[in-house]
Amino acid sequence: MSEYTKEQIVESVPQKGFFGHPKGLFTLFFTEFWERFSYYGMRAILVFYMYYEVSKGGLGLSEELALSVMSIYGSLVYMSGIIGGWLADRVFGTSRAVFFGGVFIMLGHIALAIPGNVALFLLSMVLIVIGTGLLKPNVSSIVGDIYSMDDNRRDAGFSIFYMGINMGAFISPLIVGELMKTSFHLGFGVAAIGMFIGLVIFVATKKKNLGLAGLQVKNPLSANEKKRIFTIFAVVAIVIGIFVAIAIPKGWLTFDSFIAIVGILGFLIPAAYFIVMYRSPKTNDVERSRILAYIPLFLASVMFWAIQEQGSTILALYADKRTNLDFMGFHISPAWFQSLNPLFIITFAPIFAWLWVKLGNRQPSIPQKFSLGILFAGISFIVILLPAYFGGTDALVNPLWLVLSIFTVVIGELCLSPVGLSATTKLAPAAFSAQTMSLWFLSNAAAQALNAQLVKLYSPETEMMYFGVIGGVAIGLSILLFAISPIIQRFMRGVH
Ligand code: GLU
Ligand code: ASP
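Conventions adopted
Residues numbered from 1 in each chain as written. Chains lettered and ligands numbered in written order. Predicted model: local features only at pLDDT ≥ 70, side-chain atom pairs only at ≥ 80, totals over all residues. Heavy atoms only, no water. Near = heavy atom within 4 Å. Polar contact = N/O pair within 3.5 Å; in protein donor to acceptor, adjacent residues only side chain to side chain. Areas by Shrake-Rupley, 256 points an atom, 1.4 Å probe, with all protein chains shown as cover. Helix = DSSP H or I, 4+ residues; strand = E, 2+ residues; numbered from the N terminus. Nonpolar A, V, L, I, M, F, W, Y, C, P; charged D, E, K, R; others polar. Expected span 1.5 Å × (residues − 1). Buried < 20%, exposed > 50% of the residue type's maximum accessible area, 1.4 Å probe, protein only. Lys, Arg positive; Asp, Glu negative; His and termini not counted. Salt bridge = Lys/Arg side-chain N within 4 Å of Asp/Glu carboxyl O. Contact = heavy atoms within 4.5 Å. Bend = angle between axes of the 7 residues up to and from the residue. Axes fitted to C-alpha atoms, helices over the stretch in contact; angles between N-to-C directions. Parallel < 35°, antiparallel > 145°, perpendicular 65-115°, else oblique. Left-handed = near helix turned anticlockwise from the far one by under 90°. Core = buried A, V, L, I, M, F, W, Y, C linked by side-chain atoms within 4.5 Å. Phe/Tyr/Trp six-rings, centres within 6.5 Å; stacked < 30°, edge-to-face > 60°. Lys NZ or Arg CZ within 6 Å of the ring centre and 35° of its normal.

(A) Spatial organisation of the site of ligand 1. All residues in the neighbourhood of ligand 1 are listed as Arg36, Tyr40, Tyr78, Lys136, Ile165, Trp305, Trp440, Phe441 and Asn444. The side chain of Arg36 places a nitrogen or oxygen atom 2.7 Å from an oxygen atom of ligand 1. Between ligand 1 and Asn444, the relevant distance is 2.9 Å, taken from an oxygen atom to a side-chain nitrogen or oxygen of the residue. Bound to the protein, ligand 1 loses 92% of the 300 Å² it would expose on its own. When contributions to the shell around ligand 1 are tallied by element, the ones reaching two or more residues are α2 (24-51) and α16 (436-454). With three residues, the single largest contributor to the shell around ligand 1 is α16. Its residues placed into classes, the shell around ligand 1 shows six nonpolar, one polar and two charged.

This is how it looks when you write it as structure tokens:
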């Protein structure tokens, strides 16, 4: 594989053609738009598909199990980004990884679209976990490749891309939420079509728009390494295979023990990452200090996503069971609430971007923004405990409570999420920069691994306590983080 320099790659991408941005952004925007369309469309109805009775077209699982599966699945989807990032870096290059990822994801949605049984459902999850791991971190990192280092359109490029994510996430629940009334499988079919359109756009426009971006394998495996890694891979696969074959009949590997294992990995993997980065001889003293500064930010991010991601689990159940869905003469689909978060993001992201520019030097520091992020996430859970406080848990709740709670999370999300990725890129040591995208997604993976345990504690009887304790912990952590933010800022050694 020939080596291209950063300049050659940037020169190969037509630098105008998409709202004053490089043409490549068109390709990446629409690929990710359709990928997120399929992902969030599927997730908007998956939880209902799992716990609805068989007579209503569902799988008839318990609510508790359905919520745990949603969380564990979400966790694995973001955890697999490490493997996707590694494969792109060492084997495929990012562009091919995105393509293969899209194919896996599409097949995953097709498996769900076929009316079938639990086996197809499990197969679909495996395909989507692998596919998203290949696609998501890599499509995002190509965005960085198409701008030169000193191009001041770079941050705006990421913001446009972020809008694409949320536009896809906004539209699909509206469509699949309507279709699920007829059949869940129709809804999953639409998700498959969405990913297909994304793949067609990617393949048809990548040569012209992306040039050399994403083609290079940055750090290809040497022949020796290849042999070693594939041997390790084969041995691990065989060991896991034998373990599973023995453990399932013996009753050692139950669903509960599986989610416990993922829960542990959710924290063990980032911890290992931090230790390896900290101890690496390629990391210098300034970078070590920045790693220490990043740890509390990472933990805050875990807290934030733990609440935000419950929007598609606990709050989806709340929308279905606790909310009055007949509103102003309409019957609302419970899946439609999933469109609110991205709708608010699209509406308010430009206002926040304007606000930070307007505040200039007076804007909150990075740790303070993280602290605001978890503050609003915590308040959103306090908001959603109020209906039970005022009206008990028997009466159906006005849907506007959910709207208000989701709106509050979004205020937090706009303080934390757009800053998070750029903070990760600035604070991670240079030698690990290829993996920063995956590192950031690991905070979401850890959050959802935690959620798989937390959601078991929710029931209408424990509702107030549940929202109150989690919301209270988030608010407490926010205050703590705010208090130590000058110290974190000092450890960041000049990063703003
Ligand atoms: N809503 C975000 C997305 O789908 C979540 C990912 C993250 O953890 O940043 O891109
Ligand atoms: N706001 C989420 C993200 O940035 C999307 C969602 O939760 O629907 O992609």
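There's more to say after this.
(B) Local environment of helix α9 (residues 223-250). With 28 residues, α9 ought to run about 40 Å at 1.5 Å a step, and its terminal C-alpha atoms sit 40 Å apart, in line with that. At the C-terminal side of α9, Gly251 shows a positive phi close to 80 degrees.

(C) Fine view of the side chain of Asp89. Within the secondary structure, Asp89 sits in helix α4 (residues 81-92). Despite its burial, Asp89 pairs with no opposite charge, the nearest such side chain being Arg90 at 5.6 Å. Not counting residues up to four positions away in its chain, the partners in contact with Asp89 are Val217, Lys218, Asn219, Pro220, Ala434 and Gln435.

(D) Structural view of the side chain of Ser339. With respect to the helices and strands, Ser339 occurs in the loop between β2 (330-331) and α13 (340-359). Apart from residues lying up to four places away in sequence, Ser339 is in contact with Ala169, Phe170, Pro173 and Leu174.

(E) Looking closely at the site of ligand 2. Lining the immediate environment of ligand 2, one finds Tyr40, Tyr162, Ile165, Asn166, Ala169, Gln308, Asn341, Pro342, Ile345 and Glu413. In the environment of ligand 2, a nitrogen atom lies 2.8 Å from a nitrogen or oxygen atom belonging to the side chain of Asn341. One of the side-chain N or O atoms of Glu413 is found 2.7 Å from a nitrogen atom in ligand 2. Protein coverage of the free-state accessible area of ligand 2, which is 270 Å², stands at 89%. Secondary-structure elements contributing two or more residues to the shell around ligand 2 are α7 (154-179) and α13. Considering every element that reaches the shell around ligand 2, the biggest residue donor is α7, with four residues. Tallied by class, residues from the shell around ligand 2 come to six nonpolar, three polar and one charged.

(F) Focus on the pattern of salt bridges. Scanning the model with the defined rule gives 10 salt bridges in all. Between Arg153 and Asp151 there is a salt bridge, and its shortest N-O distance comes to 2.8 Å. Taken as a pair, Arg153 and Asp151 share a single burial class, namely buried. Across the salt bridge formed by Arg322 and Glu463, the nearest N and O atoms sit 2.8 Å from each other. Linking Arg322 in the loop between α12 (314-321) and β1 (326-327) with Glu463 in helix α17 (residues 463-491), this pair joins segments that are 141 residues apart in sequence. Sharing partners across several salt bridges, the network here consists of Glu32, Glu35, Arg36 and Lys136.

(G) Seen up close, α13. Under the 1.5 Å per step criterion, the end-to-end length of α13 is 28 Å for 20 residues, consistent within 8% with the ideal 28 Å. Of all the bends found along α13, the most pronounced is centred on Phe348 and spans about 40 degrees, while Pro350, a proline, follows it within four residues. Within α13, the full set of buried residues consists of Leu340, Asn341, Pro342, Phe344, Ile345, Ile346, Ala349, Phe352 and Trp356. Those residues of α13 hidden inside the fold are in contact with α7, α11 (285-309), α14 (366-391) and α15 (399-427).

(H) Up close: the packing of α4 against helix α5 (residues 94-113). Remark: α4 packs on α5, axes separated minimally by 8 Å, with the N-to-C direction vectors making an angle of 125 degrees. The orientation of α4 relative to α5 falls into the category oblique. Relative to α5, the crossing made by α4 is right-handed. Contact with α4, carried on its side by Ala88, Val91 and Phe92, involves Thr94, Arg96, Ala97 and Phe100 of α5 and no other residues of that element. Per-class residue counts for the contact of α4 with α5 are five nonpolar, one polar and one charged.

(I) Fine view of the nonpolar core. Counting 112 residues, the largest nonpolar core has Met42, Leu46, Phe48, Phe121 and Phe467 as its most contacted members. Here this core gets 13 residues from one element, more than from any other, and that element is α2. Discounting residues that sit within four places of it in the chain, Phe48 has contacts with Met180, Phe184, Ala316, Asp320, Pro334 and Ala335. Counting residues in each nonpolar core, the second largest holds 22 residues, with Leu135, Val139, Phe161 and Leu199 among its members.

(J) Spatial organisation of unusual backbone geometry. Despite not being glycine, Phe19 shows a phi value in the positive range, around 50 degrees. Position of Phe19 relative to the elements: it lies in the loop between α1 (6-12) and α2. We classify Phe19 as exposed; its relative accessible area is 71%. Its identity is not glycine, yet Arg493 carries a phi of approximately 50 degrees, on the positive side. For Arg493, the position within the fold is in the segment after α17.

(K) The packing of aromatic side chains, seen in detail. Considering all chains together, one arrives at 34 aromatic pairs under this definition. On the numbers, 5.9 Å between centres and 50 degrees between planes, the contact of Phe274 with Tyr294 is tilted. Of this pair, Phe274 sits in helix α10 (residues 255-279) while Tyr294 sits in helix α11, placing them 20 residues apart in sequence. Here Phe274 and Tyr294 have matching classes, each one buried. Taken together, the ring pairs connect Phe18, Phe19, Phe26, Phe29, Phe30, Phe33, Trp34 and Phe37 into an aromatic cluster. A cation over a ring is seen here: Arg288 above Tyr278, with NZ or CZ 5.7 Å from the ring centre. Above the ring of Trp356, the side-chain terminus of Lys369 is found at 4.2 Å from the ring centroid.

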